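Residues per chain are reported as follows:
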Amino acid sequence: EPELQDAIRKARETDELKFSAAFYELPTYSGIRDLRADKLGRLVTICGTVTRTTEVKPELLVGTFQCNECNREVSGVVQQFKFTHPTLCPTRSCGNRTNWTLLTEAKTTRWGDWQRLRLQESENEVPAGAMPRSMDVIVRDECTERCKPGDKVLISGSLIVVPDVPSLMNPSELKQQVKRSLNTRSDSAYGGGEGVRGLKGLGNRDLTYKMAFFGTFIDENSDWGSRGAGQGENVRSDDKMYLSQADKEKFQKISNHKSDCFDVVARCIAPQIHGHLEVKKGILLMLVGALGKRTQEGIKLRGDINVCLLGDPATAKSAMLKWTSTFLPRAVFASGKTSTAAGLTASVTRDMDLDGERVIQPGALMLADNGICCIDEFERMDAKDQTAIHEAMEQQTITLSKAGIQATLNARASILASCLPKNTYYEPTQPLHKNCELTPPIMSRFDLMFVMQDIHDETNDNNVARHILDLHRRGENAETQPVLNQLELQRYIRFARFHRPKLTPGAHERLVKCYKKLREDRTYVRGACGVTVRQLESLMRLSEAIARVHFEDKVTLEHVNMAFELQMSTLKRAERENIDLEGPDAGGEAAAADGAEAGADDSAEGAGRASAPARPKRMKITFPEYQRIGQMLTRYLWQKEEAGEEVKEEDLVAWYMEQVEQDIQTEAQLEEQQSLVQLIINRMIDKDRVILIYRQSEDPLRPEGRVLLKHPNYPVGELITS
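This one's a predicted model, so the numbers in the text were calculated from it and none came from an experiment. (Residues numbered from 1 in each chain as written. Predicted model: local features only at pLDDT ≥ 70, side-chain atom pairs only at ≥ 80, totals over all residues. Heavy atoms only, no water.)

Help me understand the overall build of the protein, please; the structure alone is not making it clear to me.
The helix and strand tally for the protein stands at 22 helices and 26 strands. Taking all 722 residues of the protein together, the buried fraction comes to 43%. Of the contacts formed within the protein by residues at least 6 apart in sequence, a portion of 72% connects residues at least 24 apart. A total of about 39100 Å² of accessible surface is found on the protein, and carbon and sulfur atoms cover 49% of it. (Helix = DSSP H or I, 4+ residues; strand = E, 2+ residues; numbered from the N terminus. Buried < 20%, exposed > 50% of the residue type's maximum accessible area, 1.4 Å probe, protein only. Contact = heavy atoms within 4.5 Å. Areas by Shrake-Rupley, 256 points an atom, 1.4 Å probe, with all protein chains shown as cover.)

This is the structure in structure tokens:
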């Protein structure tokens, strides 16, 4: 095209242009282990994980030299593996061979940027019993600084060989013993005192080569999601997101169901694992995350959520961690017993390729920056290794003061840890901090601590067995397919992370009341340290994450209540084993307000009590008993629904009373059972949401005439959780 030619001609008049061609998205790629000499010079793509990067350094490509004898300039000297100067001055009467000065700022001297990466092969390409292999990758110009340690990348380029001869190296890059051996050589084949002028002067005594890879294009590896089985979406990416109209409509339809949107999306987390809905909710909130903030004084407030799973053996803790580590590109899986403080944070090592210079070796938390670090068997870590991650869990930085290096490194990662109870099985009669061997500072840094108990329940055991056998028999085509597959869930979470919810005044007041209630509740002891201000910040983070799941830009009262229930429910159930049943007007806030008014004026208290109607008394019921009665009621509703019959609340109460009439002896027991089942139904409607109000009562004076229905998303016989 003449226009393009004119533009290039004008640009050349003012400055030298440099063009570089790059190829990407090749149909196939080679593993690092498969690179052999027959692929030298061929265009291939390799994949792996970046483990180390050097700083960007200048490289002399073409040099211009000045003769120090006659001041003549010699240009166009192409560099070959080392600093190469002209062999002979072209001036006839000069004859200079060694005395040259490089003109660094001459127009004919060309410089370029280069960087060396260390690429390690992916874990799914390592054969059984083999160690992962690494290779040096050299990139130039615009490909530098395109990746950082921990990234999973595809690099297109060609395999090259570089000489690995001590005689060709800079003296500062040689080992001490090699320097000594070179100084004692006097063979003319090695140049003597003249230095090396070319490869033919060496012969082939020490001439060895090493493989390297010259990369022309670096791209993110999108096949990490299912380990080569398909594309994945990076949920932590800050790039622009493009959604199809079908996906957008599907996501909006899910988020419009405010009552069960959280439950529906949480069931898509690790669909191969049956139950544990609350744990899946916690992992979903950790993936979505909250907003990181910075105060006017420059103090950072983290937005990442840390989760700890404390559970009995065989409760799918490690399976949860493994699923999470494959869901994100920057997710690192570590085991507590084989991890040290330096391996988790960072260490200072000597790099022999850089003449023993001390360099920082990144650990698991640095490699998981802007991702998740999954630590299995957390309780088996030594105490000194656990204390090393204190700073990383709260301030999200790692400070090093070793071997003359003073550095502060970023570790903006969420931590998902799993640990066994102290006596192998969780003891409900003991408080939480007596069941685990974690120190109070570590426990206070976890936003959510889930207790996963192996409860012997016939119905649940039957469902779990059917679920596992169905997966073994049908594999990927099992009937329990979630609403969103993994790629859609990644897009849903990434779309949710674009929302930046703000706190409303109502949610602000509710957060204060929840925190005060936590501090006043002496029966809830979260470790030996009790409840700290960190739990208030945790409530704030969880509320923001829940608002993001619902695609909302405001944190409302309902979001705070859901966060508070999620933080409290598993621990309270595991510790108390009792459930408080309250009437609709017997809430804790109203009772506290009445108590405050009563303490202010005794006479007003007496008058108020005389005029106010009697409140339904509070009742306590054990968790297994609540499950038994609740599953009886839901099974009856499901049977009537299958038969096409409507069930009113009064009919449901009457049916239950018929089932237990043989156990009732007195009128007081009759009234107690009626109020008990009424409170259980109210809790299942308002809190657990396993029963829906299909139609309100036609008579406002008889609210028990409302028609009830089992929630369609609740499977009959499953554990009832809020």
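It is not clear to me how the packing of aromatic side chains should be interpreted in this structure. Could you clarify?
Given two aromatic rings, one states the distance between the centres and the angle between the planes to describe the pair. A full pass over the atoms with the stated rule returns six aromatic pairs. Here Phe378 and Phe446 contribute two aromatic rings whose centre-to-centre distance is 6.1 Å and whose plane-to-plane angle is 85°, an arrangement assigned as edge-to-face. Here Phe378, found in the loop between strand E15 (372-376) and helix H9 (383-387), pairs with Phe446, found in the loop between helix H12 (440-444) and strand E19 (448-452); they are 68 residues apart in sequence, far enough to count as distant. Each member of the pair, Phe378 as well as Phe446, is classed as buried. Seen from their ring centres, Phe495 and Phe551 are 5.0 Å apart, and the 80° between their planes marks the pair as edge-to-face. In this pair, Phe495 is assigned in helix H14 (residues 486-496) and Phe551 in the loop between helix H16 (533-549) and strand E21 (554-555), connecting sequence segments 56 residues apart. Of the two residues, Phe495 and Phe551, neither departs from the other in class, the shared state being buried. Of note, Arg146 hangs over the ring of Phe217, and the distance from its end group to the ring centre comes to 5.5 Å. (Phe/Tyr/Trp six-rings, centres within 6.5 Å; stacked < 30°, edge-to-face > 60°. Lys NZ or Arg CZ within 6 Å of the ring centre and 35° of its normal.)

How should a nonpolar patch on the surface be read in this particular structure?
A grouping of Leu40, Val161, Tyr209 and Met211 is seen on the molecular surface, where their side chains present a nonpolar patch of about 320 Å² in accessible area. Turning to its location among the elements, Leu40 is positioned in the loop between helix H1 (2-14) and strand E1 (43-53). (Patch = residues over 30% accessible without salt bridge, like charges linked within 9 Å, V, L, I, M, F, W, Y side chains within 5 Å. Salt bridge = Lys/Arg side-chain N within 4 Å of Asp/Glu carboxyl O.)

Which parts of the structure should I look at to understand H14?
For the α-helix, the turn length of 3.6 residues means that residues three or four positions removed from each other point alike. Counting buried residues along H14, eight of its eleven residues qualify, which places the element largely inside the surrounding structure. Within H14 the residues assigned to the buried category are Glu488, Leu489, Gln490, Tyr492, Ile493, Arg494, Phe495 and Ala496. For H14, the elements touching its buried residues are helix H3 (245-256), helix H4 (261-266), helix H5 (277-288), helix H6 (317-327) and H16.

What's the story with the sheet that holds strand E26 (residues 707-710) in this structure? I'm lost.
Within a sheet, adjacent strands bond to each other through the backbone by hydrogen bonds, running parallel or antiparallel. In spatial order, the strands read E24-E26-E25; together these three strands make up an open sheet with antiparallel pairing. Each edge of the open sheet carries a strand with a single partner, namely strand E24 (647-648) and strand E25 (691-695). Summarising the sheet, E25 and E26 pair through four bridges and their orientation is antiparallel. Looking at E26, one finds that Leu692 is bridged to Leu709. Contacts from helix H20 (residues 623-642) reach E24, E25 and E26 within the one sheet, and its direction differs from that of E26 by about 100°. (Pairing = 2+ DSSP bridges. Axes fitted to C-alpha atoms, helices over the stretch in contact; angles between N-to-C directions.)

What am I meant to see in helix H15 (residues 505-520) here?
The terminal C-alpha atoms of H15, which comprises 16 residues, lie 23 Å apart, in line with the 22 Å expected from a rise of 1.5 Å per residue. The complete set of buried residues in H15 reads Ala507, Arg510, Leu511, Cys514, Tyr515 and Leu518. The buried residues of H15 all sit within an arc of 135° when viewed along its axis, so they share a single face. Opposite the buried face of H15, by more than 90 degrees, sit the exposed residues Pro505 and Glu520. (Expected span 1.5 Å × (residues − 1). Arc of directions from axis to C-beta.)

I'm lost on the side chain of Thr634 in this one. Help?
Summarising the element assignment, Thr634 is placed in helix H20. Once residues lying within four places of it in the same chain are set aside, the contact partners of Thr634 are Met684, Val690, Ile691, Lys710 and Tyr714.

Help me understand the pattern of salt bridges, please; the structure alone is not making it clear to me.
Between side chains of opposite charge, a pair can form when the charged atoms approach closely. Taken as a whole and assessed by the stated rule, the structure comprises 15 salt bridges. Of the charged contacts in the structure, one is a salt bridge between Glu59 and Arg140, with a shortest N-O distance of 2.9 Å. Here the residue Glu59 occupies a position in strand E2 (residues 57-67), and Arg140 occupies one in strand E6 (residues 134-140), the gap between them amounting to 81 residues. On the basis of relative accessible area, Arg140 is assigned to the partly exposed category, the value being 32%.

What is the right way to look at the sheet that holds strand E12 (residues 331-335) in this model?
Taken in spatial order, the five strands make up an open sheet running E12-E15-E18-E11-E19, and their pairing is parallel. Two strands bound the open sheet, and with one partner strand each, they are E12 and E19. Pairwise comparison of adjacent strand axes, ignoring direction, gives a mean angle of 15° for this sheet. Bridging between strand E11 (residues 307-311) and E19 involves five bridges; their strand directions are parallel. Counterpart to Leu309 in the pairing with E19 is Phe450. Packing against the sheet, H6 makes contact with E11, E12, E15, strand E18 (414-419) and E19, and its axis sits at approximately 155° to E15.

Sorry if this is basic, but what is going on with the packing of H6 against H14 here?
Two measures define how a pair of helices packs: the angle their axes make with one another and the distance between the axes. As a packed pair, H6 and H14 sit with axes 12 Å apart at the nearest point and diverge in direction by 70°. Taken together, H6 and H14 sit at an angle that is classed as roughly perpendicular. Taken together, the residues of H14 that come into contact with H6 (itself represented by Trp323, Thr326 and Phe327) are Gln486, Leu489, Gln490 and Ile493. Taken together, the residues of the contact of H6 with H14 sort by class into four nonpolar, three polar and no charged. (Parallel < 35°, antiparallel > 145°, perpendicular 65-115°, else oblique. Nonpolar A, V, L, I, M, F, W, Y, C, P; charged D, E, K, R; others polar.)

Which parts of the structure should I look at to understand the packing of H20 against helix H21 (residues 649-659)?
Taken N-terminus to C-terminus, the directions of H20 and H21 make an angle of 120°; their axes are 11 Å apart at the nearest point. Taken together, H20 and H21 sit at an angle that is classed as oblique. Classified by chirality, the crossing of H21 by H20 is right-handed. Across from Arg628, Ile629, Met632, Leu633, Tyr636 and Leu637 in H20, the residues of H21 making contact are Leu652, Trp655, Tyr656 and Gln659. (Left-handed = near helix turned anticlockwise from the far one by under 90°.)

Help me understand the environment of Glu391 in this model?
With respect to the helices and strands, Glu391 occurs in helix H10 (residues 390-394). Take Glu391: its relative accessible area is 27%, and that puts it in the partly exposed class. As a C-alpha pair, Glu391 and Thr345 span 46 residues in sequence and 9.9 Å in three-dimensional space. Those residues in contact with Glu391 that sit more than four places away from it in its chain are Gln396, Thr397, Ile398 and Thr399.

Keep in mind these numbers describe shape, not what the thing actually does.
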